[in-house]
Structure formats: structure tokens, C-alpha cells
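# Observations on chain architecture
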Amino acid sequence: MLIVMDDRHAKKDVAAVVNRIKEMGCAAKLISGSRSTFIEITGNRTPLDPGLFEAFHGVKNVIETSQNHYKLASRNFKSKDTIIPFKNFQVGKNTFTVMAGPCAVESEKQLLKIARAVRKSGAHILRGGAFKPRTSPYTFQGLGAEGLNILKLAKEETGLPVVTEAVDRQSLEKVCKVADVIQIGARNMRNFPFLREAGRAGKPVLLKRAPFARLEEWLMSAEYILREGNRSIILCERGEQAIADPGHFNPDLNLVLGIKEASHLPVFVDPSHGTGKGSRVAAMARAAAAVGAHGIIVEVHDQPERSLSDAKQAISIPDFHRLMEDLRSLSSVLGFRL
Ligand code: PEP
Ligand code: MN
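None of these values were measured; they are calculated from a predicted model. (Residues numbered from 1 in each chain as written. Chains lettered and ligands numbered in written order. Predicted model: local features only at pLDDT ≥ 70, side-chain atom pairs only at ≥ 80, totals over all residues. Heavy atoms only, no water.)

## Thoughts on the environment of I317
With respect to the element layout, I317 can be found in helix α10 (residues 317-334). Taking the C-alpha atoms as reference, I317 lies 20 Å from F96; in sequence the two are 221 residues apart. (Helix = DSSP H or I, 4+ residues; strand = E, 2+ residues; numbered from the N terminus.)

Put into C-alpha cells, the structure is as follows:
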């Protein structure tokens, strides 16, 4: 961390800052240029809060010089891509993994029908929300524990691993009994105590980016999970409200590239929440594969127009089948493993 003193600072201002740094058990190095004075802090074992120094007299600003707020998530810490093994496939590196299923588990009949179909088309993981974090409290909130039982049935029948969302501590405990991957939704990306809990749950975590969260914030959220000893995290870009196209959503595909530079963790795209419109989902999914994402999570329904949640963005079973065929063609051109 670098403290920049303002041009009119007094000697005693520097002394006060240096004293504070030493009090904290760190070392201070004075760098005096012809016009500016900087104080470099070294020897800190954990990241420092810039706010600790900003209020000192004579301080102009404080610059963070390292990425150690997301040390464990960074490529500097681990240069090789993280690979998360499942029974018949792996997530990460040169692979493209497809998580598919309804937005919400609605009934046994609905989920089993969709699960069988997506497995047949080549999906790797079955999705389906039992606990739904809905913006309006008056809309379908999910079947809760009953939904988890249905997911368990579908998993037993199809052999597909399951990803489903935990929304709080209570649901996390229940979700862990059934899920192979715990989904943490966009709304909970900044729920730091909950991220710690998920880090201790002993299952891979799918961590969605909250709308407007910067890349660094997203990786710091992943860091909360990593610090608990859980190294199996899949990041998932789900986009945010499109300014130029109201009512639709934009996933930021640039973030896939940014994450791959900054981190070793696999990164997925959600083309369903990421567009908000069924007719756009397949194209966005293909774009995600083309840009180098490690997979997608996509909402599929046997009767899209009758979905109890997110009906507008659900794709039909035949459309999902065509998407898988497209992804297979892309995999041979682009050289990823599907
Ligand atoms: C979902 O995947 O069903 C979901 C609620 O996603 P998000 O957290 O991205 O809104
Ligand atoms: Mn949804």
C-alpha cells in the first residue's frame, strides 16, 4: 500500500503516519521525489484498509498496490486453472459444462420430464431451484424442502448431479443433503457471513455475480469461501439490466476474459438471466462458449409459457436439444471438451 502525502504536508504529518504504521507492526519506507512524498507500507500479513490512513493530516490519498484482497482466488497465488472433478466429467480448464433445468422445481412430473430430456441431450448437471429468491414476495417462492425431495428423486433416476440454490443458513443445511453444487445467487454475493457458511459446507459452490459488482468485488466474495478451505468455486456471470435495451439483461462477456486473467477459478455464463428472453438464450450461450467460458447454466422447461417463474426466459426441450448440437459443433471448431 502506498500513501501519497499532499504537497503542503508538514514533517510532523509524515512522522504521525509512520508511527501509526509501526504501531501496527508494519514497516514504513519513505520515498521522497522532487515534488511528491510517498510512504510505502510493507510487512503486513493481511490486507490493510486504506481508510486507516486516509484521515491523517497531510495525506492526499492511499493507493493499493497489491491484489491481496483476493489472494487465494488470484492467478498470482495459483497459476494453474482450478479443475473440479465430478463422477463422469470435470469442470474447468479446457472443458465446457452445461447445467440445465427449470428455474424452479414445480412438481415431480415437471422435474422428471425435464431431467430425463436434458440428460438425453447431453447436459452434465441438473438445475432447479427449491428455495427461490424472488424480487416480489407475492410470486412463487419455490417448493422448499419438498422441492429438494423431488431433486433427489431426479438425481437418483437420471444419475445427473444437482445444482440448487441456498438462500440462507437454514436452507443451506437442507440443500447440502441433496445438492452436488450449492448455488449462491446474485442477491447473496455480498452476504459475507453466508459466504463463510457456504465455504464450510464441503461442496462445490456456484457463485453468481451481483449486478453492478466489479470483478474485484466478485473475487473478494469468492475469497470468503476459499478462506474457509473450500477450493471448489465456479464463478457465474448473470449480467444486469441493459441500459440501451430496457427490460432485457446484459451478461458482460468481457468479464469471462477478465476472470481468466485475474483468477484460476472456472467461470460460467447464465444466458437465461443474462438475456431475460428465451429467443436470445441459445445465441448468448454460443457466445459464452466462443469467448472461452467454462460452461453455462440454462433454464429449460417442458412448457416454457407455463413456467411458474422466469417464463419469459425459459427455452423448450427441443430448443435445448438444438443448442447442445450447436455446442458440440463449436467444441470441435474451438477445441474445448463438452
Ligand atoms: C436462478 O438461477 O434461478 C437465480 C435466481 O439466479 P440469480 O441469482 O442470478 O438471479
Ligand atoms: Mn430463474
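## What to know about the coordination of the manganese ion (ligand 2)
The manganese ion (ligand 2) binds to the protein through C103 (SG), H273 (NE2), E299 (OE) and D310 (OD), with metal-donor distances spanning 2.0 to 2.4 Å. What makes D310 partly exposed here is its relative accessible area of 25%. (Donors = N, O, S within 2.8 Å, 3.2 Å for Na, K, Ca; no water. Buried < 20%, exposed > 50% of the residue type's maximum accessible area, 1.4 Å probe, protein only.)

## Considerations on the site of ligand 1
Taken together, C103, R127, K132, E165, Q183, G185, A186, R187, K208, R238, H273 and E299 make up the full set of residues near ligand 1. Q183 places a side-chain nitrogen or oxygen 2.9 Å from an oxygen atom of ligand 1. The separation between an oxygen atom of ligand 1 and a polar side-chain atom of K208 is 3.0 Å. Within the complex, the protein chains bury 97% of what would otherwise be the 300 Å² of accessible surface of ligand 1. By residue class, the composition of the shell around ligand 1 is 2 nonpolar, 3 polar and 7 charged. (Near = heavy atom within 4 Å. Polar contact = N/O pair within 3.5 Å; in protein donor to acceptor, adjacent residues only side chain to side chain. Areas by Shrake-Rupley, 256 points an atom, 1.4 Å probe, with all protein chains shown as cover. Nonpolar A, V, L, I, M, F, W, Y, C, P; charged D, E, K, R; others polar.)

## Side note on the pattern of salt bridges
For the coordinates displayed, the defined rule picks out 18 salt bridges. Residues R169 and E197 are paired through a salt bridge, measuring 3.2 Å at the closest nitrogen-oxygen approach. Highlighted residues: R169 in helix α5 (residues 169-176) and E197 in helix α6 (residues 192-199), separated in sequence by 28 residues. Across the pair E240 and R209 runs a salt bridge, and its minimum N-O distance is 2.9 Å. Here E240, found in strand β13 (residues 240-241), pairs with R209, found in the loop between β11 (205-208) and α7 (215-226); they are 31 residues apart in sequence, far enough to count as distant. Across the pair, R209 and E240 agree in class, each one buried. (Salt bridge = Lys/Arg side-chain N within 4 Å of Asp/Glu carboxyl O.)

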